[in-house]
Amino acid sequence: MNSIDHKERDAKKVEEMFSDIAARYDLLNHVLSLGLDIRWRKRVAQETGRCDSIPRKINCQSILDVCTGTGDMAIELCKFWKGNAHIEGIDFSHGLIEIGRKKIKNANLQDKIIFREGDAEKLSYKNEQFDAITITFGLRNINNRLKALKEFYRVTKTGGCFVCLEFSQPKGPIFAKIYSFYLMIIIPFVSKILSSDPAAYKYLGNTIRDFPSPVELVKLIESAGWRDVTHYTLAGGIVAIHRGRKY
Ligand SMILES: C[S@@+](CC[C@H](N)C(=O)[O-])C[C@H]1O[C@@H](n2cnc3c(N)ncnc32)[C@H](O)[C@@H]1O
């Protein structure tokens, strides 16, 4: 497949691209992030425990993980809440969701996690259904991000929260140069060897370079209605975690 236009992010093409790379998606994620993606998702799960001002006092009974892919974030949430929360994961890629379903079957978590195929911009849930919404490495790929953020807000209960993990750009000039080399040269090289669709990883680099800065993202999240939006970066600015609340 040819690299898709990262500015346009045509939903059908994005869905096809992720389904094409499904078989090796997890492997490449772990290899290209040097295993750090696992730690970053754990941080997101911990953040759902801080949705309230008093840590771990919120009763997160139901959590929706949007753009769940192969379900690693949903599984991490299940571990963090020790199976006491109902977790749903949605994604429009049939290929990735199927892998997620196999994982939860193998881990015997089918009664704790449900995966559905669905569009982040048009969630098929009633208003105020979830205590928390998470999205990891998904927002970058969504065609109409503001529309999706408003949907997340709509389905979240008053008092609930939103946690987003996304790639960012390191600030330090030297590290930024090294990282840019990694994105544009190393990642396409490794993906040529390991992936069925190296063009997908060119798209990855382009979306990262073009994604709003953490401060711009705060504004976008706020414009969808979320309050108290805060953020911090990890791994020298490679990724950022944003958090917001619904009053
Ligand atoms: C980079 S993957 C992230 C998957 C997973 N959250 C993770 O942490 O590995 C991005 C995911 O977003 C999904 N996606 C993009 N736009 C979407 C939309 N509008 N509705 C549902 N899923 C979408 C893709 O199918 C893909 O699984």
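Refer to the structure printed above.
Chemist: Give a description of the overall build of the chain that names residues and reports values.
Modeler: Each helix and strand counted, the chain has nine helices and seven strands in total. Computed over its C-alpha atoms, the radius of gyration of the chain comes to 17 Å, within 12% of the 18 Å expected for a compact globule of 247 residues. Dimensions along the principal axes, computed over C-alpha positions, put the chain at roughly 45 × 40 × 30 Å. Per-residue burial for the chain yields a buried fraction of 41% across its 247 residues. Looking at the chain alone, contacts between residues at least 24 apart form 72% of all its contacts between residues at least 6 apart.

Chemist: A description of the site of the ligand should follow, citing residues and the corresponding values.
Modeler: Surveying the vicinity of the ligand reveals 22 residues, the closest of which are C67, G69, S93, A120 and T136. If you list the elements that add at least two residues to the shell around the ligand, you get α1 (11-20) and α4 (72-80). Tallied by class, residues from the shell around the ligand come to 10 nonpolar, seven polar and five charged.

Chemist: Describe the sheet that holds strand β5 (residues 156-167), and please don't skip the residues or the numbers.
Modeler: Strand order in the open sheet made by the seven strands is β3-β2-β1-β4-β5-β7-β6, with mixed pairing throughout. Both edges of this open sheet fall to β3 (113-117) and β6 (227-234), since each of them pairs with a single strand only. When the angles between neighbouring strand axes are averaged without regard to direction, this sheet yields 15°. Relative to strand β7 (residues 239-245), β5 is paired through seven bridges, and the arrangement is antiparallel.

Chemist: Residues and numbers for helix α3 (residues 36-48), please.
Modeler: Along its 13 residues, α3 runs 19 Å from first to last C-alpha, staying within 8% of the 18 Å computed at 1.5 Å per residue. When α3 is considered as a whole, its buried residues turn out to be D37, W40, R41, V44, A45, E47 and T48. For α3, the angular spread of the buried residues around the axis is 155°, confining them to a single face. Facing away from the buried surface of α3 by more than 90 degrees, the exposed residues are I38 and R39.

Chemist: Give me the lowdown on the packing of α3 against α4, citing residues and values where you can.
Modeler: It is at 9 Å that the axes of α3 and α4 come closest, and there the two elements cross at 50°. Taken together, α3 and α4 sit at an angle that is classed as oblique. Crossing of α3 over α4 shows right-handed handedness. Of α4, the residues touching α3 (which contributes R41, K42, V44, A45, Q46 and T48) are D72, M73, E76, L77 and F80. Residue composition of the contact of α3 with α4, grouped by class: five nonpolar, two polar and four charged.

Chemist: Report on unusual backbone geometry, specifying residues and quantitative values.
Modeler: Note on backbone geometry: most residues besides glycine have negative phi, and most peptide bonds are trans. The residue C67 is not glycine, and still its phi comes out positive at about 55°. Here C67 lies in the loop between β1 (62-66) and α4. Taking the number of C-beta atoms within 10 Å as the measure of exposure, C67 has 23 and is therefore buried. The backbone of F137 sits at a positive phi, close to 55°, despite the residue not being glycine. Of note, F137 is situated in the loop between β4 (130-136) and α6 (145-155).

Chemist: Give a detailed account of the environment of A199, specifying residues and quantitative values.
Modeler: Mapped onto the fold, A199 is located in helix α8 (residues 198-210). C-beta crowding within 10 Å serves as the criterion here: with 18 such atoms nearby, A199 is assigned to the partly exposed category. For the pair A199 and E216, spaced 17 residues apart in sequence, the C-alpha separation works out to 28 Å.

Analysis parameters
Residues numbered from 1 in each chain as written. Predicted model: local features only at pLDDT ≥ 70, side-chain atom pairs only at ≥ 80, totals over all residues. Helix = DSSP H or I, 4+ residues; strand = E, 2+ residues; numbered from the N terminus. Rg over C-alpha atoms; globule rule 2.2 N^0.38 Å. Buried ≥ 20, exposed ≤ 12 C-beta atoms within 10 Å, placed from the backbone. Contact = placed C-beta atoms within 7 Å. Near = placed C-beta within 6 Å. Nonpolar A, V, L, I, M, F, W, Y, C, P; charged D, E, K, R; others polar. Pairing = 2+ DSSP bridges. Axes fitted to C-alpha atoms, helices over the stretch in contact; angles between N-to-C directions. Expected span 1.5 Å × (residues − 1). Arc of directions from axis to C-beta. Parallel < 35°, antiparallel > 145°, perpendicular 65-115°, else oblique. Left-handed = near helix turned anticlockwise from the far one by under 90°.

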